[in-house]
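# Structural description and commentary
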Amino acid sequence: MSHVVKKRKLDKTRQDRLYFDSYTDVTIHEEMIADHVRTNTYRMAILNNSESIRGKVVLDVGAGTGVLSMFCVQAGARKVYAVEACSIAEQAVNIVKQNNMEDKIEVIRGTVETVDLPEKVEVIVSEWMGYALLHESMLNSVLYARDKWLKPGGIILPHKAELYIAPVSDPVVEDRLHFWYTVKDQYGVDMSCMSDFARGTCSPTRPASPSSIYTRDRGGLRSVKGKFNFESFGSAAVNAFCVFFTVTFPCPDKPQPLVLSTSPFKPETHWKQAVLYLDSPVDVVQDTVVTGEISMFPSEESARHICIHVDYTIGEQKRQSKTFSIPDWSSGAQS
Ligand SMILES: C[S@@+](CC[C@H](N)C(=O)[O-])C[C@H]1O[C@@H](n2cnc3c(N)ncnc32)[C@H](O)[C@@H]1O
């Protein structure tokens, strides 16, 4: 018997419940705190902005264990409202106590869209980024908080996000995908159809110079779109595009702002990179032009799940089109 399983559109309450449930587990918080690049960049950024934070009121959107709230107190904040929707807020209360910061940090359990704060704030801090930046769609909650609770002239950390795309050439990927064709010889079971499935997700490798596809520092957001254009500097088989992001923090006393990067050329973070596999590798030679357009938008099933659509042309090849969805194993969690 065969039947087609059509994914049901989840109502918003259920989408949110699934999403917040995923943050009740200790593992995801362990993974985030243990991501030294992530956590230490936030810490440095907050301490570097102590001039703007000292004596001020801060809103931590999606406080989790409260780690960023505590960095803000270390930077001299007078008061921090640590808003967290899921039950990890109870642990945040314990951690705040353990660090003797109860007089400075008020943990508030609820969504930032529904809680009532006693006052407006001068600073918003949040770690809202998901896979390929926009998976989970938490940015909209930060923008909501900005419009409702940030005083004029207040600051948001981070204050800018950029998305990048780059073509990838990785011979190991094709070997790994071919592995599924070898299973039959080893065990008498044909698993070659797994090769297509495996194209959905694999570990990333080094891309050519990335092209920035999107930059935004103000305004609400549902979908993003950007064009890209590359020229090859050698011969290779392109088998994927790789998408990654940076977020930037202002650093008033430093010549350069502080950048948290998920580039494959930088130290690894728990976000890694989103790798979008082509149906088959395409050979490029010196100066072959790769052009296209990428768009990211919420999936039909859930506004929290992001789809990535790429239209591309490689050299003389006719225009190709492919849509990718961030796999279910990543729902809610970020790595
Ligand atoms: C990526 S985690 C960051 C946690 C913590 N700030 C840190 O840096 O370790 C995002 C957290 O935001 C919470 N969250 C997401 N959207 C929220 C919302 N609209 N209101 C309150 N909390 C939210 C999630 O439950 C999750 O704990």
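Note that the structure is a prediction, hence the values are computed from the model and not measured.

Turning our attention to the overall build of the protein. If you tally the helices and strands in the protein, you get 9 helices and 14 strands. Burial statistics for the protein: of 335 residues in total, 39% are counted as buried. A fraction of 73% describes how many contacts in the protein between residues 6 or more apart in sequence connect residues 24 or more apart.

Within the element layout of this structure, Cys193 appears in the loop between helix H8 (171-187) and helix H9 (194-198). Between the alpha carbons of Cys193 and Tyr181 there is a distance of 8.2 Å; along the sequence they are 12 residues apart.

Lining the immediate environment of the ligand, one finds 20 residues, of which Tyr23, Gly62, Gly64, Ala85 and Ser141 sit closest. Among the secondary structure elements, those contributing two or more residues to the shell around the ligand are helix H5 (67-74) and strand S2 (79-84). Residues of the shell around the ligand, tallied by class, amount to 12 nonpolar, 5 polar and 3 charged.

Our next topic: the environment of Phe249. In this fold, Phe249 is placed in strand S9 (residues 236-249). In sequence terms Phe249 and Thr41 are 208 residues apart; their C-alpha atoms lie 9.1 Å from each other.

Further remarks concern the sheet that holds S2. Overall, parallel pairing links the 5 strands, which are arranged S3-S2-S1-S4-S5 in an open sheet. Of all the strands in the sheet, the pair left with one neighbour each is strand S3 (105-109) and strand S5 (150-157). Across the sheet, the axes of successive neighbouring strands diverge by a mean angle of 20°, strand direction being ignored.

Now for the sheet that holds strand S13 (residues 306-314). Taking strand neighbours across the sheet as the criterion, the 4 strands line up as S8-S12-S13-S14 in an open arrangement whose pairing is antiparallel. Strands with a single pairing partner mark the edges of an open sheet, and in this sheet they are strand S8 (224-231) and strand S14 (320-325). Strand-to-strand, the axes of this sheet are offset by a mean angle of 20°, without reference to chain direction. Here 9 bridges tie strand S12 (residues 289-298) to S13, and the two strands are oriented antiparallel to one another.

Moving on: unusual backbone geometry. Backbone phi values are negative for most residues with the exception of glycine, while trans is the configuration of most peptide bonds. In this structure, Pro158 follows Leu157 across a cis peptide bond, with omega equal to -5°. Turning to its location among the elements, Pro158 is positioned in the loop between S5 and strand S6 (160-168). Positive phi is not limited to glycine here, since Asn100 has a value of about 55°. Tracing the backbone shows Asn100 in the loop between helix H6 (88-98) and S3. Owing to 9 C-beta atoms within 10 Å, Asn100 belongs among the exposed residues under this scheme. The phi torsion at Asp287 lies on the positive side, around 75°, for a residue other than glycine. Summarising the element assignment, Asp287 is placed in the loop between strand S11 (274-284) and S12. We classify Asp287 as exposed; it has 10 C-beta atoms within 10 Å.

When you tally the buried positions in strand S1 (residues 57-61), you get 5 out of 5 residues, the bulk of the element. Burial along S1 is two-sided: the residues Val57, Leu59 and Val61 and Val58 and Asp60 are all buried. One ladder, built from 5 bridges, connects S1 with S2; its direction is parallel. Among the inter-strand pairings, Val57 is bridged to a residue of S2, identified as Lys79. The handedness of the S1 to S2 crossover, carried by H5, is right-handed. Two elements, S1 and strand S4 (residues 121-126), share 4 bridges in a ladder whose sense is parallel. Residue pairing for S4: Asp60 is matched across the bridge by Val125.

A few words on the environment of Pro118. Counting through the fold element by element, Pro118 comes out in the loop between S3 and S4. The class for Pro118 is exposed, based on 8 C-beta atoms found within 10 Å. Measuring from C-alpha to C-alpha, the distance between Pro118 and Tyr81 comes to 9.5 Å, with 37 residues separating the pair along the chain.

Next up on the list: the packing of helix H3 (residues 36-48) against H5. One can describe the packing of H3 onto H5 by two numbers: an axis separation of 9 Å at closest approach and a directional angle of 30°. Viewed along their axes, H3 and H5 adopt a mutual orientation that is roughly parallel. Note that H3 runs across H5; the crossing there is right-handed. Residues Thr39, Tyr42, Arg43, Ile46 and Leu47 of H3 pack against Val67, Leu68, Phe71, Cys72 and Gln74 of H5.

Right, let's get into H5. Of all the 8 residues making up H5, 7 are buried; the element is thus mostly covered by neighbouring parts of the structure. Where H5 terminates, the next one or two residues include Gly76, which has phi positive at roughly 105°.

What counts and how
- Residues numbered from 1 in each chain as written.
- Predicted model: local features only at pLDDT ≥ 70, side-chain atom pairs only at ≥ 80, totals over all residues.
- Helix = DSSP H or I, 4+ residues; strand = E, 2+ residues; numbered from the N terminus.
- Buried ≥ 20, exposed ≤ 12 C-beta atoms within 10 Å, placed from the backbone.
- Contact = placed C-beta atoms within 7 Å.
- Near = placed C-beta within 6 Å.
- Nonpolar A, V, L, I, M, F, W, Y, C, P; charged D, E, K, R; others polar.
- Pairing = 2+ DSSP bridges.
- Axes fitted to C-alpha atoms, helices over the stretch in contact; angles between N-to-C directions.
- Right-handed = clockwise from strand over helix to strand, strands pointing away.
- Parallel < 35°, antiparallel > 145°, perpendicular 65-115°, else oblique.
- Left-handed = near helix turned anticlockwise from the far one by under 90°.

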